[in-house]
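Residues per chain are reported as follows:
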Amino acid sequence: MNSENKHLWHGRFELKAADDLMAYTESISFDRRLWLDDITGSRAHARMLGHVGLLSVNEVDAIIQALATIEKEMLSSEFRFLDSDEDIHTAIERRVTEIAGAAGAKLHTARSRNDQVATAFRLWTKRELGVVCGHIADLCRVFREKAETAGFGSGAAYLPGYTHLQRAQPVLLSHHLLAHGWAFMRDIERLHDAIKRLNVSPLGAGALAGTSLPIDPEFTANELGFAKPFDNSLDAVSDRDFVAESLSALALVAVHLSRLGEEWVLWTSEEFGFAKLNDAWATGSSMLPQKKNPDIAELARGKSGRLIGNLTGFLATMKSLPLAYNRDLQEDKEPLFDAVDQVRRGLIAMSGMISTASFNTERMQTAADQPTMAATDLAEYLVRRGIPFRESHAIVGSMVRKVVDEGAQLRDLVATSEHFGDDALELLNPGSAVANRSSRGAAGPNAVPDQVARYDAELKRVTVH
Ligand code: ARG
């Protein structure tokens, strides 16, 4: 066996691993993106080995130097991978030994790839979830800016609010936009919560049972910025709850993007005509010259399926694994890499699409001013006059039936009804139904400004970490 091409386990085996075994079991094709985190973990481990006296000062220096060289090689794409580099951890350790010689061969003292890989992947996940949170916050800011333009007070733009996708009651456009923002702010909090629990260092657990050597896991946990070291070595190397939790939180972000996307598909349709996409954020059709398609919104909807699949697939991988490390665990990386990539790109694209889009508020308001949209206000008018709500609901309901079935005008019916005074007619004026939604958190101009203040405070709270 060529010395350059030795496997980590070459001492125990007579024969070199079959090419097809390597082709099937390798992870370097995807885990090379952990290179920085592997270097970070190795640096901390080397310093710890020096700290407890298992390596000399010179040996630690040689390893740290080698790791710095590798970092440069990685950044400039000069790092040369070998066929025998099964994963990124093997590749980096091999190179450390090439550069640092005998000192490099000591780097793996009291360490297994099992605790090494868990450490690198936690470092990666912690950082990347933080990046995702930043992109979610950007989208929340887009909602806030668009809400500002749409207005919150009197004269602010409004549109029909829907239940069952049927027009229900008018709402301020700003209120509608911020509704999505609140969901995304919960996502930020959920991701921070996942980060809090994953913030534990597994380094020092070894293959599964710790080591007889006098290591200091507290030292490495500190070096790496983890809140604490593991408490149980078996748990440390086999726990991938952080992957499941991250996938779950990301799947929910994707579902939120999907629901938002679905609305934009509707809003930009000719049927709704509530919003218009900026050319740079829409696509055309290869055949139909008149088309302007909301592909970002559609893919935000479509990709949510994949994100949900990443979560359920990974849970299925985990469900029967005995303690501690099993090679199955290598299947933790691709779903999470993919989930992070897709959610990140989706957030950026949706932010761009929405921030550059324009609203047809006239069309929204015309739809919202349909007289029957004030039906609830008419019923509440009767409640104020002492009529029980069930009864007032029935009175107004029968008037609406006449409008729908017989083409009667609601205004005429109200004007001639014994139940209503003349003042009730004001409720049918354009914009008056939304103006009346004034309870806490409600959709009208008397309530939304307070909500906006709370939104700003919440956004500040979830982004200060
Ligand atoms: N590439 C492996 C993974 O990602 C590294 C750990 C391999 N450990 C082992 N005992 N074979 O899980």
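Before any of the text, the structure's been laid out above.
Each value, and the rule that gives it
- Residues numbered from 1 in each chain as written.
- Predicted model: local features only at pLDDT ≥ 70, side-chain atom pairs only at ≥ 80, totals over all residues.
- Heavy atoms only, no water.
- Helix = DSSP H or I, 4+ residues; strand = E, 2+ residues; numbered from the N terminus.
- Rg over C-alpha atoms; globule rule 2.2 N^0.38 Å.
- Buried < 20%, exposed > 50% of the residue type's maximum accessible area, 1.4 Å probe, protein only.
- Contact = heavy atoms within 4.5 Å.
- Areas by Shrake-Rupley, 256 points an atom, 1.4 Å probe, with all protein chains shown as cover.
- Lys, Arg positive; Asp, Glu negative; His and termini not counted.
- Charge placed at Lys NZ, Arg CZ, Asp CG, Glu CD.
- Core = buried A, V, L, I, M, F, W, Y, C linked by side-chain atoms within 4.5 Å.
- Near = heavy atom within 4 Å.
- Polar contact = N/O pair within 3.5 Å; in protein donor to acceptor, adjacent residues only side chain to side chain.
- Nonpolar A, V, L, I, M, F, W, Y, C, P; charged D, E, K, R; others polar.
- Phe/Tyr/Trp six-rings, centres within 6.5 Å; stacked < 30°, edge-to-face > 60°.
- Lys NZ or Arg CZ within 6 Å of the ring centre and 35° of its normal.
- Expected span 1.5 Å × (residues − 1).
- Pairing = 2+ DSSP bridges.
- Disulfide = S-S within 2.5 Å.

**Q** Whenever I open this one, the overall build of the chain confuses me. Can you help?
**A** Within the chain, the secondary structure is distributed over 18 helices and 6 strands. A compact globule built from 465 residues would reach a C-alpha radius of gyration of about 23 Å, whereas the chain, at 30 Å, exceeds it by more than 25%. Taken across its 465 residues, the chain has 49% of its residues classed as buried. At a minimum sequence separation of 6, the contacts of the chain that also span at least 24 residues come to 76%. Carbon together with sulfur atoms contributes 51% to the accessible area of the chain, which is approximately 22400 Å² in total. One finds the centroid of the 51 positive side-chain charges in the chain at a distance of 1 Å from the centroid of its 63 negative side-chain charges.

**Q** Is there a simple way to think about the nonpolar core in this case?
**A** In a soluble, globular protein the nonpolar side chains are often hidden away together inside. One finds Phe184, Leu250 and Trp264 to be the most contacted residues of the largest nonpolar core, which totals 100 residues. Among the elements that take part in this core, helix α6 (residues 113-150) stands out by supplying 13 residues, more than any other. Among residues more than four places away in sequence, those in contact with phenylalanine 184 are Ile136, Leu139, Cys140, Phe143, Val253, His256, Leu257, Leu260 and Leu347. Among the nonpolar cores identified, the runner-up in size contains 20 residues, and Ala374, Ala375, Val403 and Val414 belong to it.

**Q** Looking at this model, I keep getting lost on the site of the ligand. Mind explaining?
**A** Around the ligand, the neighbouring residues are Ser27, Asp87, Arg113, Asn114, Val117, Tyr325, Gln330 and Lys333. Aspartate 87 places a polar side-chain atom, nitrogen or oxygen, 2.8 Å from a nitrogen atom of the ligand. In this structure, an oxygen atom belonging to the ligand sits 2.5 Å away from a side-chain N or O atom of tyrosine 325. A total of 340 Å² of accessible area belongs to the ligand in isolation, and the protein chains cover 86% of it. The element that contributes the greatest number of residues to the shell around the ligand is α6, accounting for 3 residues. Classifying every residue of the shell around the ligand gives 2 nonpolar, 3 polar and 3 charged.

**Q** Looking at this model, I keep getting lost on the packing of aromatic side chains. Mind explaining?
**A** Under the criterion given, the structure shown has 14 aromatic pairs. Where tyrosine 162 meets phenylalanine 272, the ring centres are 5.9 Å apart and the plane angle is 50°; that geometry is what we call tilted. Here tyrosine 162 is found in strand β1 (residues 158-163), whereas its partner phenylalanine 272 is found in the loop between α10 (241-267) and β5 (275-276), with 110 residues between them in sequence. Tyrosine 162 sits in the partly exposed class, given a relative accessible area of 26%. Linked through ring pairs, Tyr162, Trp264, Trp267, Phe272, Phe274 and Phe359 together constitute an aromatic cluster. A cation over an aromatic ring shows up here: arginine 32 above the ring of phenylalanine 81, its NZ or CZ 4.1 Å from the ring centre. Its end group placed over the ring of phenylalanine 121, lysine 333 keeps NZ or CZ at 5.5 Å from the ring centre.

**Q** Got a minute to help me understand the side chain of serine 432 in this structure?
**A** Along the chain, serine 432 turns up in helix α17 (residues 432-435). In this structure the side chain of serine 432 is engaged in a polar contact, spanning 2.9 Å, whose partner is the backbone oxygen of leucine 427. The contact partners of serine 432, leaving out residues within four places of it in the chain, are Glu426 and Leu427.

**Q** Could you clarify how one ought to interpret helix α15 (residues 389-406) in this entry?
**A** Residues spaced three or four apart along an α-helix point in a common direction, a consequence of the helix completing one turn every 3.6 residues. For α15, spanning 18 residues, the distance from its first C-alpha to its last is 25 Å, which sits close to the expected 26 Å at 1.5 Å a residue. Among the residues trailing α15, glycine 407 stands out with phi positive, at a value near 70°.

**Q** It is not clear to me how the environment of lysine 333 should be interpreted in this structure. Could you clarify?
**A** By secondary structure assignment, the location of lysine 333 is in helix α12 (residues 333-356). Once the C-alpha coordinates of lysine 333 and methionine 350 are considered, the two residues, 17 residues apart in sequence, prove to be 26 Å apart. With residues up to four places along the chain from it excluded, the contact list for lysine 333 reads Phe30, Asp31, Leu34, Val117 and Phe121.

**Q** In this structure, what is going on with the environment of leucine 260? I would like to understand it.
**A** Mapping leucine 260 onto the fold places it in helix α10. The class of leucine 260 is buried, set by a relative accessible area of 0%. Sequence separation between leucine 260 and methionine 350 is 90 residues; the distance between their C-alpha atoms is 8.9 Å. If we ignore the near neighbours within four places in the chain, the residues touching leucine 260 are Leu139, Phe143, His180, Phe184, Met350 and Ile354.

**Q** Where do I start with the pairing of β1 in this structure?
**A** Remark: a regular strand shows side chains that alternate across the two faces of the sheet. Bridge count between β1 and strand β2 (residues 166-172): 6 bridges; the pairing is antiparallel. Bridge pairing links glycine 161 to glutamine 169 in β2. Connecting β1 to the next strand, β2, in antiparallel fashion are 2 residues, including histidine 164 with a positive phi near 55°.

**Q** In this structure, what is going on with the state of the cysteines? I would like to understand it.
**A** Linking two cysteines covalently through their sulfur atoms gives a disulfide. Scanning all chains against the criterion turns up 0 disulfides. In this structure cysteine 133 is not part of a disulfide, and its nearest cysteine sulfur, from cysteine 140, lies 10 Å away.

**Q** What is the right way to read unusual backbone geometry from this model?
**A** Peptide bonds are, in most cases, trans, and in most cases residues other than glycine have a negative phi. Cis geometry marks the peptide bond from leucine 323 to alanine 324, where omega comes out at 0°. Its place among the elements puts alanine 324 in the loop between α11 (295-318) and α12. Despite not being glycine, serine 77 shows a phi value in the positive range, around 60°. In this fold, serine 77 is placed in the loop between α4 (57-75) and α5 (88-100). Although it is not a glycine, alanine 110 sits at a positive phi angle of roughly 55°.

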